[in-house]
Amino acid sequence: MTASPDELSRLPVTVLKGVGPKSAERLARLDIETVQDVLFHLPLRYQDRTRIVPMGQLHSGGEAAIEGEIEHAEIRFGRRRSLLVHLNDGSGRVILRFFHFSAAQKNALKPGLRLRCFGEVRNGPACLELVHPEYRPVAEDEAPAEAASLTPVYPTTEGMHQLSWRDLTEKALAMLRNSSAGLQEWLPADLLEEYRLMPLSEAISYLHRPPPDAPQLQLLEGQHPAQQRLAFEELVAHQLSLRQARQLHRSHQGPVLDGGKSLQEALAANLPFSLTTAQQRVLDEICTDMVQRQPMLRLVQGDVGSGKTVVAAMAALQAVASGYQVALMAPTELLAEQHLKSFRQWLEPLQIPVGWLSGSVKGKARQLLLEELHAGRTGVLVGTQALFQEDVQYHSLGLVIVDEQHRFGVHQRLALREKGAGSGLYPHQLIMTATPIPRSLAMTAYADLDLSVIDELPPGRTPVTTVVVSDQRRDQIIERVRAACAQGRQAYWVCTLIEESEALQCQAAEDVAAELQEELQGLQVGLVHGRLSPQEKEQVMQAFKAGEIHLLVATTVIEVGVDVPNASLMIIENPERLGLSQLHQLRGRVGRGTVESHCVLLYHPPLGETARERLAVLRDSSDGFVIARKDLELRGPGEVLGVRQTGEMQFRIADILRDQAMLDLAREAADRILARHPEVVQPLVQRWLGRNTRYARV
Ligand code: ADP
Ligand code: MG
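What comes next concerns the included structure. (Residues numbered from 1 in each chain as written. Chains lettered and ligands numbered in written order. Predicted model: local features only at pLDDT ≥ 70, side-chain atom pairs only at ≥ 80, totals over all residues. Heavy atoms only, no water.)

## A word on the environment of Leu586
Selection criterion: Each helix corresponds to a stretch of at least 4 residues labelled H or I by DSSP, and each strand to a stretch of at least 2 residues labelled E; elements are numbered beginning at the N terminus.
Note on placement: Leu586 falls in helix α19 (residues 580–587). Taking C-alpha positions, Leu586 is 28 Å from Gly355, a pair spaced 231 residues apart along the chain.

## A closer look at the nonpolar core
Worth spelling out the cut-off: Take the buried Ala, Val, Leu, Ile, Met, Phe, Trp, Tyr and Cys residues and link them wherever side-chain atoms come within 4.5 Å; each set so joined is a nonpolar core. Here the term buried applies to any residue with accessible area under 20% of the maximum for its type, exposed to any over 50%, and partly exposed to those in between, with areas from a 1.4 Å probe on protein chains only. Pairs of residues are marked as contacts when any of their non-hydrogen atoms sit within 4.5 Å.
Ranked by internal contacts, the top residues of the largest apolar core, which has 64 residues, are Ile286, Phe343, Val380, Leu399 and Ile401. Element by element, the count of residues in this core is highest for helix α11 (residues 308–321), at 10 residues. Residues contacting Leu399, with those up to four places away along its chain left out, are Met290, Met296, Ala315, Ala316, Ala319, Gln325, Val326, Ala327, Pro427, His428, Gln429 and Leu430.

## So, the sheet that holds strand β16 (residues 464–470)
Using the following cut-off: Between any two strands, at least two bridges found by DSSP are needed for them to pair. Here, axes are lines fitted to C-alpha atoms. For helices the fit covers the stretch in contact, and angles between N-to-C directions go from 0 to 180 degrees.
Across the sheet, six strands lie side by side as β16-β21-β20-β17-β19-β18; this open sheet has parallel pairing. Each of the sheet's edge strands pairs with one partner strand only, and the pair in question is β16 and β18 (525–528). On average, adjacent strands in this sheet sit at an angle of 20° to one another, irrespective of strand direction. Judged from the four bridges that link them, strand β17 (residues 490–494) and strand β19 (residues 551–554) form a sheet pairing that is parallel. In the sheet register, Val494 faces β19, and the bridge partner there is Ala554. Against the sheet, α19 touches β16, β17, β20 (567–573) and β21 (597–603), its axis set at about 150° to β20. Packing of helix α20 (residues 609–620) onto the sheet brings it into contact with β16 and β21, and relative to β16 it is tilted by some 155°.

## Thoughts on the pattern of salt bridges
Selection rule: A pairing counts as a salt bridge when a side-chain nitrogen of Lys or Arg comes within 4 Å of a carboxyl oxygen of Asp or Glu.
Per the counting criterion, the structure on display carries 30 salt bridges. Measuring nitrogen to oxygen at the nearest pair gives 2.6 Å for the salt bridge that ties Glu63 to Arg45. Taken together, the residues span a long stretch of sequence, with Glu63 in strand β2 (residues 63–77) and Arg45 in strand β1 (residues 45–47) at a distance of 18 residues. Owing to a relative accessible area of 36%, Arg45 belongs among the partly exposed residues under this scheme.

## Examining the site of ligand 1
Definition in use: The criterion for a residue being near a molecule or strand is simple. One of its heavy atoms has to lie within 4 Å of it. Polar contacts, as counted here, are pairs of nitrogen or oxygen atoms within 3.5 Å of one another; within protein the pair requires one atom able to donate a hydrogen and one able to accept it, and residues that are adjacent in sequence qualify only if both atoms are side-chain atoms. For the accessible areas, the method is Shrake-Rupley and the probe is 1.4 Å, while residue cover comes only from the protein chains on display. Three residue categories are used. Nonpolar comprises Ala, Val, Leu, Ile, Met, Phe, Trp, Tyr, Cys and Pro, charged comprises Asp, Glu, Lys and Arg, and polar comprises the others, including Gly.
Residues in contact with ligand 1 amount to 16 residues; listed here are only the nearest, Gly305, Lys308, Thr309, Arg461 and Asp563. Within the contact set of ligand 1, a nitrogen atom lies 2.8 Å away from a side-chain nitrogen or oxygen of Gln279. In this structure, Gly307 approaches ligand 1 through a main-chain N or O atom, which is 3.0 Å from an oxygen atom. Contact with the protein chains covers 81% of the free accessible surface of ligand 1, which is 570 Å². Tallied by class, residues from the shell around ligand 1 come to four nonpolar, seven polar and five charged.

## Regarding the pairing of strand β10 (residues 325–329)
Among the five residues that make up β10, five are buried, leaving the element largely enclosed by the rest of the structure. Burial along β10 is two-sided: Gln325, Ala327 and Met329 facing one way and Val326 and Leu328 facing the other are all buried. Pairing of β10 with strand β13 (residues 397–403), which is carried by five bridges, proceeds in the parallel orientation. Each residue of the ladder has a partner; that of Met329, found in β13, is Val402. Bridging between β10 and strand β12 (residues 380–383) involves four bridges; their strand directions are parallel. By the bridge assignment for β12, Val326 is matched with Val380.

## Regarding the sheet that holds strand β15 (residues 450–454)
The seven strands are arranged β11-β12-β10-β13-β14-β9-β15 in an open sheet whose pairing can be described as parallel. The sheet is open, and its two borders are formed by β11 (354–357) and β15, each paired with just one other strand. On average, each strand axis in the sheet is inclined to that of its neighbour by 20°, with strand direction left out of account. Docked against the sheet, helix α10 (residues 277–290) engages β9 (297–302), β13, β14 (428–433) and β15, running at close to 155° with respect to β15.

Here it is in structure tokens:
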């Protein structure tokens, strides 16, 4: 080892020439503070500008460089005004399409001019198109290639251009070459050897600047040994950080919750059904956890309708009977209200007060509730994120139940856990999700949690028949709704909208409801969406439950939890816009009673091939796990875990799907490191997870 091992992880970015305080600040936003951080800011992908692709060989998807002569340029006035430039290279034709352009730009694009372009290729109405490509005029005799090697494309932030990244990484690479120690190799030597891993510095240099003869396809697909080596290290680091979080959690003390048998029996006696074997098994696992001194951290997975709520209620009884309070948190007000109703129905006959807190509980009511809670008179508190606001103080919080955890960030969950820490005790945590995550993925994503699976549905459910129908047959479907309602059934009509704006979604649902009411004279059409007040929502849902509303038009707010057994028909408009698991959840709203249920996926043609395939999966399967696995293949883990928005599962170079084969090895390696080389855990985690570890350390 040299005199200054790991030097690059301590040198601040400002040692690189041209990086002043302003750039440093910008970099800090990406968590880049040291030279090592710059080196680990790896290209997201590569562009192949090394060769010009003949137009006859182009296909849609992916980026390409092309060159050809302008045949003609025209302005089209359609839905959106656009400039179309027809290009020909003798082997085929391509259209360049611009939505934003100036008159000068248009005038410069004269027939006969040769252009070299780079951009994403996609199918257009007439032929392949490049939308807003980079382009520049070239002479006939110009050198054929743009670049000698693949061009790295870096993940970036506002104010940082790709050229700046190339410049910055160039300087860091030069420093790496000149440093005596290079990058510190934290993976133990025996592991490196056994798994035949490329030296770290070599892999890093290679990926920033792949040589001209690099196997391009392999690189583009992330299969190169240099990528695989780093992906492996990243997966190991990720494992280690989760294990650390887990160890830390275990080192705390939780309340021993060993009461409750008689209350549980009393509830069981009041239920109109008995627990399934799977429910009972999972409940036993939970109850065993809660009598330990170590706080429980358990994830319960169970498909839609598998009966997670009653299991949670049983667990809550054990906590309450032991003298502790329970907080039950759900991601939406609607779902939280549903839980409130179930819990009140089940627990109040047993003299356990159930409180309610959401963002809309205000003023005196809120004050009163907080007092009851603080005094310990509230046994179970049900609600939304509002449960972990600063001024919400529990008397003795012993169990936190979180439903549909993937909608909450890890740190939100941690904030709730802190609520119990006042007494020096950490509450037990139970997390419930209907997102069926394949086991290897779950073990990677949730290595900090124990896992229980309710793998059985209550008896007597009739499977939902699903059909995929074009919206050209919308009228027929409306007739079908009429017929079903005439027979005393009820239906959901779900509106989806791409727009992020909730206001727009609600507007769209309102329009649909008005239109359907017009069409379905004599039937009662109701409407529920995110903009209604809780009272309004409650009223509509009650009316639907009571059968006074025949057709309920809704946004995806009804995705989780809503339970109306007489509803046996669901129409989902534009299902192609949603993830498969989300659709599966929605569909779980029907098929809850004994009559045969139907789900109509009313898509808007034309459907792409992937979309067609995805909807077919849903049509052909009702098994949440099968659907999730397909979703994983077709859309990637971020979507399936629902963490895309929260960014919790973002890897720099690893890809859970692509690197599946490494997941087990990485877990094994993490075990060995923890056992034999605990001193490298922290530096590895720091190198790969940086800021994220701050959450894990809470
Ligand atoms: P999810 O797992 O999707 O949250 P719920 O807890 O909402 O499912 O349960 C769905 C429905 O099934 C509810 O009406 C619930 O009362 C009912 N249920 C739960 N467990 C059983 C069981 N063992 N037998 C029959 N019905 C059950
Ligand atoms: Mg539920």
